[in-house]
Amino acid sequence: MRRIYNYLNPLNYLGIRKYSVRFPILFSLLVVFLSEYYSYNIAHDPLAVGKYIIFINAASVIYFSFRNAIKGGLITTFIAILYYLYIIYTRNYEGNALISGIFTTVYLGILFSFIAVSIGFLKQTIDKLIDNEADEKKRLQTIIDQLPVGIIVTDMKGKITHANNQIKKLLGKEINKDLKSEIYTTPEATISGKVIKADEWPLLYTLNTGKSFYKKEILLENENGQNFFLHISSSIIKNKAEMPVAAATIYEDVTVQKEIENRKDDFINMASHELKTPITSIKLYTDSLYSNLRKTLDSKNLKSLKSIRYQTEQLQNLVYDLLDVSKIQTGKLNFEKIKFNLRDLISDAVSEIQKTTQKHKIVFKGKSRRIYVMADKFRIYQVITNILTNAVKYSPDGGNILVRLKIINGKTEVSVEDTGIGIDRDKQSKIFDKLYQVSDPKEKTFPGLGMGLYISKEIIKKHKGKIWVTSKKNKGSTFFFSLPVDKQKKLEEKN
Ligand code: ADP
């Protein structure tokens, strides 16, 4: 029964652009046959078919032009007109009746054809639109399937409209499009060791709040017990009228990168600890040699000793940086906060770094202010000297370096402005990442490992402060950091 209904329902043929005329022909012939049978065998009157047949034919033309397009409508019209002519011929119409019969047939022929063409054309246009959309969907699905990341697209109610093969691999199961919540809520998924609740899943969060996620890191144990580190991003898709119509989530498998990163961290950890003791001894012995032999050595040997001492110091700094990175990694970077005057600390750092260069003039503006902060003095000094060292290092042609100290919105703000090589806009956010160095050929000539700013950022973050940069390539950079001022006493005193 259902099959017959499906076969007859013209809506089931929308979007299918194959137009057969077999059924319209068979049906029209059946109508002709039954009409003839009725006229002669049941009504016993050759004229009995009368007006009814016109209604039946009109209905058939409408039905078949909607079901089988122009072709279906026209073939039904054609058979109907042939039958009318057959009636005129076999019922021996004469005189006025014959003229009116032919006139009616021509009139109905035109009317039926018009109906067939207009409804058929409408149907064909709808089919084309549906077909194009299906094509577009298919193309999109093929592209999505080829992507190396997992993708889920849902409507605004959370019902899945697209999902690719990668997502099945990551979740370890087929995605049931009707079980919308099931795929978002895998109880084994964690962020930094914390199990994620259903509404914390990026896609659900985005659907509920309209907010986007970018590369949220999640550890997922899938149905097959496999562990994946995923970066999940999700956002709302809007239509032309800027109305939200769908949401998309991208699952990026970063397990391999994560493993490499972990191995790199382990190596840094091990190397820095192994190097710390010997380098400290070398430094101590060199210092002691230097103070013992400073006055007795001839100038050539003294120069060599000074050079050994300087290089040892550089090496020691490098090892300390490595140790700091490994401490950050393991959450062991500790701070001893005391209250101190930031102005004096900056002054010290400025004169210390000024000693290392003659090409640059470091100018400290803000000396008239005493600003107290509650912070780890040694670590803040490390941040300032790192930024100042960079300003010197990355201004190879020399020039002025301006250091400012201000209070803005209840926070101290320190800035260091140089006129050096500058940093491309797209790299500005990355320079605070671990071991990141701008890698264009010009920059490659500068020594360094890309640890200083990463350590500085962590230090400032742990002091509830902020660190950032503004820069223009080939014009210079200004590095800023802000810290909360100590609120217990006077915030700012004028000298
Ligand atoms: P590095 O040891 O390489 O100097 P940092 O973490 O201190 O490491 O800096 C990271 C990168 O940021 C550097 O490699 C450099 O490309 C860029 N950078 C830092 N400070 C400056 C500056 N003042 N001017 C231009 N580029 C800078």
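Keep in mind that what you see is a predicted model, and the values were worked out from it rather than measured.

Turning next to the layout of surface pockets. As a volume, the second largest pocket reaches approximately 790 Å³. As for the second largest pocket, its lining consists of 19 residues, and the residues nearest its centre are E217, H231, E261, D433 and K434. Elements with a contribution of two residues or more to the lining of the second largest pocket: β5 (213-221), α8 (255-293) and α12 (452-462). Broken down by element, the residue count for the lining of the second largest pocket peaks at four residues, all from α8. Of the residues contributing to the lining of the second largest pocket, the split by class is five nonpolar, three polar and 11 charged.

Along its 31 residues, helix α9 (residues 299-329) runs 45 Å from first to last C-alpha, staying within 8% of the 45 Å computed at 1.5 Å per residue. Along α9, the positions that sit buried rather than exposed are L302, L305, T312, Q316, V319, L322, L323, D324, V325, S326 and I328. On its buried side, α9 packs onto α8, α11 (377-393) and α12. Looking at where α9 begins, the residue whose side-chain oxygen comes 3.1 Å from the main-chain nitrogen of K300 is D298. Note on α9: the residue one or two positions beyond its end, G331, has a positive phi of about 70°.

The five strands are arranged β9-β11-β12-β14-β13 in an open sheet whose pairing can be described as mixed. At either margin of the open sheet sits one strand with a lone partner, and together these are β9 (360-365) and β13 (466-472). Neighbouring strand axes in the sheet, compared pairwise and without regard to direction, differ in orientation by 15° on average. The sheet contact formed by β9 and strand β11 (residues 399-408) spans six bridges and is parallel. When the sheet's bridge partners are listed, I362 is paired in β11 with I401. The sheet contacts of α11 involve β9, β11, β12 (411-417), β13 and β14 (476-484), and relative to β14 the element is tilted by about 170°.

This part covers helix α10 (residues 342-354). Spanning 13 residues, α10 covers 18 Å between terminal C-alpha atoms, matching the ideal 18 Å at 1.5 Å per step. Listing the buried residues of α10 in full gives L342, R343, L345, I346, A349, V350 and I353. Along the axis of α10, the buried residues cluster in a sector spanning 160°; they form a single face. Next to the buried residues of α10 lie β8 (338-341), β9, β10 (369-375), α11, β11 and β12. Between a side-chain oxygen at the N-terminus of α10 and the backbone nitrogen of R343 the separation is 3.0 Å; the capping residue is N341.

Glancing now at the nonpolar core. Nonpolar side chains tend toward joint burial in soluble globular proteins. Ranked by internal contacts, the top residues of the largest apolar core, which has 45 residues, are L342, I346, I380, L388 and F481. Here this core gets seven residues from one element, more than from any other, and that element is α11. Look past the residues within four positions of I346 in its chain and what remains in contact with it is F364, I384, V403, L405 and V414.

Let's shift gears to the side chain of Q316. Counting through the fold element by element, Q316 comes out in helix α9. Excluding residues that lie within four positions of it along the chain, Q316 makes contacts with I279, T280 and K283.

With that out of the way, let us pick up unusual backbone geometry. Its identity is not glycine, yet N92 carries a phi of approximately 55°, on the positive side. Along the polypeptide, N92 turns up in the loop between α3 (52-90) and α4 (95-146). Even without glycine at this site, K215 takes up a positive phi of about 50°. Following the sequence through the fold, K215 ends up in strand β5. Judged by its relative accessible area of 36%, K215 is partly exposed.

Attention shifts here to the confidence of the model for the protein chain. For the protein chain, mean pLDDT is 88; residues scoring 70 or higher make up 92% of the total. Considering only residues more than four positions removed or in separate chains, one finds that residues 490-495, a stretch of pLDDT under 50, has 17 contacts.

Our next topic: the site of the ligand. Lining the immediate environment of the ligand, one finds 22 residues, of which N390, Y394, D418, Q437 and L453 sit closest. At 2.8 Å, a side-chain N or O of N390 approaches an oxygen atom of the ligand. D418 places a side-chain nitrogen or oxygen 2.9 Å from a nitrogen atom of the ligand. Summarising the interface, the protein chains cover 97% of the accessible area of the ligand, which totals 530 Å² for the free molecule.

Moving on, we get to the packing of aromatic side chains. Tallied over the entire structure, the rule returns 10 aromatic pairs. Between F23 and F27, the ring centres sit 6.2 Å apart and the planes meet at 55°, which makes this aromatic pair tilted. Here F23 pairs with F27, and both are found in helix α2 (residues 22-42), just four residues apart, close to one helical turn. Using a relative accessible area of 18% as the deciding quantity, one classes F23 as buried. Taking the relative accessible area as the measure of exposure, F27 reaches 30% and is therefore partly exposed. For the ring pair Y63 and F64, a centre distance of 4.9 Å and an interplane angle of 75° mean the geometry is edge-to-face. Three or more aromatic residues joined by ring pairs make a cluster, and in this case those are Y7, F23, F27, Y63 and F64.

Reading the values: rules and limits
- Just so you know, the residues in each chain are numbered from 1, in the order the chain's sequence is written.
- Local features in this predicted model are restricted to residues whose pLDDT is 70 or higher, and side-chain atom pairs enter the listing and the counts only when it is 80 or higher, whereas totals over whole chains, interfaces and linings include all residues.
- Remark: hydrogens and water are excluded; side-chain values derive from all non-hydrogen atoms of the structure.
- A 1.4 Å probe that fits into a set of points on a 1 Å grid over the protein atoms alone but cannot get out defines a cavity; an open set with protein on both sides within 12 Å along at least five of seven lines defines a pocket, and lining residues are those with an atom within 4 Å of a point.
- Grid points are joined across faces, edges and corners, and a volume is the space filled by probe spheres set on the points.
- Runs of H or I in DSSP of at least four residues are treated as helices and runs of E of at least two as strands, each being numbered from the N terminus.
- Polar here means any residue outside two lists: the nonpolar Ala, Val, Leu, Ile, Met, Phe, Trp, Tyr, Cys and Pro, and the charged Asp, Glu, Lys and Arg; Gly therefore counts as polar.
- Here a helix's expected span is defined as the number of its residues, less one, multiplied by 1.5 Å.
- Exposure classes here rest on a 1.4 Å probe applied to the protein chains alone. A residue is buried below 20% of its type maximum, exposed above 50%, and partly exposed in between.
- Residue contacts are counted whenever heavy atoms from the two residues lie within 4.5 Å of one another.
- What qualifies as a polar contact is a pair of N or O atoms within 3.5 Å, subject to a donor-acceptor requirement within protein and to the restriction that residues adjacent in sequence count only when both atoms come from side chains.
- Only strands joined by at least two bridges in the DSSP assignment are considered to pair.
- Lines fitted to C-alpha atoms define the axes, with helix axes restricted to the stretch in contact, and inter-axis angles between N-to-C directions lie between 0 and 180 degrees.
- Each C-beta atom gives one direction from the helix axis, and the arc is the one those directions make.
- We define a nonpolar core as any set of buried Ala, Val, Leu, Ile, Met, Phe, Trp, Tyr and Cys residues linked to one another through side-chain atoms lying within 4.5 Å.
- Think of pLDDT as the predictor's per-residue confidence, scored from 0 to 100.
- It suffices for a single heavy atom of a residue to lie within 4 Å of a molecule or strand for the residue to be listed as near it.
- Here the accessible surface of atoms and residues is derived via Shrake-Rupley with a 1.4 Å probe, and residues count as covered only by protein chains that are part of the display.
- Centre distance within 6.5 Å is the pairing criterion for rings of Phe, Tyr and Trp, where only the six-membered ring of Trp is used; planes under 30 degrees apart are then read as stacked, over 60 as edge-to-face, and the remainder as tilted.

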